[in-house]
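Remarks on the overall topology
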Amino acid sequence: MRVLLTGANGQLGQALMVAKPKPIELIACGRAELDLASPQACSEAVRFYRPDWVLNAGAYTAVDKAESEPELALAVNAGAPAALAEALAASGGRLLQVSTDFVFNGAQGFPYLPHQAVEPLGIYGISKARGEAAVLELLGPQLSCVLRTSWLYGPIGKNFCLTMLRLHGLKAESGEPLRVVADQVACPTHTAGLAEACWKVLANEVVGFQHWSDAGAASWYDFAVAIGELGVLAGLLERPALVVPITTAEYPTAARRPCYSLLDCSTSRAALGLEPVHWRDGLLKVLSCIGTSN
Ligand SMILES: NC(=O)c1ccc[n+]([C@@H]2O[C@H](COP(=O)([O-])OP(=O)(O)OC[C@H]3O[C@@H](n4cnc5c(N)ncnc54)[C@H](OP(=O)(O)O)[C@@H]3O)[C@@H](O)[C@H]2O)c1
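The structure reproduced in this document is the subject of the present report. (Residues numbered from 1 in each chain as written. Predicted model: local features only at pLDDT ≥ 70, side-chain atom pairs only at ≥ 80, totals over all residues.)

**Overview of the nonpolar core**
Among soluble globular proteins, nonpolar side chains are generally buried collectively. In terms of nonpolar packing, the biggest core is built from 91 residues, with Leu84, Cys198 and Ala224 touching the most fellow members. Here this core gets twelve residues from one element, more than from any other, and that element is helix α3 (residues 70–91). Excluding residues that lie within four positions of it along the chain, Cys198 makes contacts with Leu16, Leu55, Leu96 and Leu147. (Core = buried A, V, L, I, M, F, W, Y, C linked by C-beta atoms within 7 Å. Buried ≥ 20, exposed ≤ 12 C-beta atoms within 10 Å, placed from the backbone. Helix = DSSP H or I, 4+ residues; strand = E, 2+ residues; numbered from the N terminus. Contact = placed C-beta atoms within 7 Å.)

In structure tokens form, the structure reads like this:
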């Protein structure tokens, strides 16, 4: 099976390359090989490589910056999946489009099912929702899979876990508290677990809307506290900083975020034949991995 991977240098892209099953012929494209802001480049890549699947892990992921760069966010997150889907419809390939819990408004207060209506709150979520819709419209539900995930992090790249590790070190040193939002809830998801789920999508030919996250639920505050505790256990921190819960209103950001975006993954777990680890176990795995690479 030939797979074209986009966003190969991102945190998910890197995890996908590490977890690649042996028989797969992988064409890994970073930004230099395939500019997702160019629909023409997307179509040409599909026409040239004729992949059985495109695994679209590339995305414009700067949630706040997207508010001031809507054209670019829309080009990458909606235009690229549309162009890939259109080209794949012609070549006979399939598309795995990775998407986000930020397509939901967060107001319902219990986990979202894969087929629920979307209502994003910011440009990033809007752009990802448009990408989902384009894939479905141009390729159809039998030849595409939209796999949503939440709060993705891993041992490399730019993510909450690595930022908090750094801040725990700094704040513990200075004796200042670390103030973290406690009224937004979802589930942190480690990249290696999501990468395994992505490869299962291809192996099991899973299609339609799917959800994948680690198990459990947490606020950013809970996640930050656990990063401190487990960071000490993994030998990455001498001691954790004091973490103080604050409200979203006390930490204004350019983009609005859903306050409760837990994904109901039960049907997808069955379709993939995979059980996720609890998010705290996922966190310990990631921290141990950072520990050994230092
Ligand atoms: N991060 C999260 O918390 C989160 C949560 C839910 C869902 N997701 C989704 O999960 C997927 C993977 O996210 P991630 O966290 O791995 O993102 P990431 O680490 O930010 O990686 C995204 C990759 O896309 C590439 N990219 C951006 N613009 C591009 C362009 N114009 N042309 C080509 N490549 C471009 C980036 O290239 P450079 O390396 O050159 O910048 C980067 O390598 C995305 O679909 C994202 O929407 C992420």
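**What about the site of the ligand?**
For the ligand, the set of nearby residues contains 25 residues, the closest of which are Gly7, Gly10, Leu12, Ala59 and Leu152. Element by element, the count of residues in the shell around the ligand is highest for helix α1 (residues 11–18), at three residues. (Near = placed C-beta within 6 Å.)

**Focus on unusual backbone geometry**
Within the chain, Arg50 stands out as a residue other than glycine whose phi angle is a positive 45°. Position of Arg50 relative to the elements: it lies in the loop between α2 (39–49) and β3 (53–56). Judged by local crowding, Arg50 falls into the partly exposed class, with 14 C-beta atoms found within 10 Å. Phi angles above zero are rare outside glycine, and Glu205 is one such case at about 50°.

**Details of the packing of α1 against helix α6 (residues 191–204)**
Orientation of α1 relative to α6, taken along the N-to-C sense of each, is 65°, at an axis distance of 8 Å. As for the relative orientation of α1 and α6, their crossing is right-handed in sense. Contact with α1, carried on its side by Gln11, Leu12, Ala15 and Leu16, involves Thr191, Ala192, Leu194, Ala195 and Cys198 of α6 and no other residues of that element. Within the contact of α1 with α6, the residues separate by chemical class into seven nonpolar, two polar and no charged. (Axes fitted to C-alpha atoms, helices over the stretch in contact; angles between N-to-C directions. Left-handed = near helix turned anticlockwise from the far one by under 90°. Nonpolar A, V, L, I, M, F, W, Y, C, P; charged D, E, K, R; others polar.)

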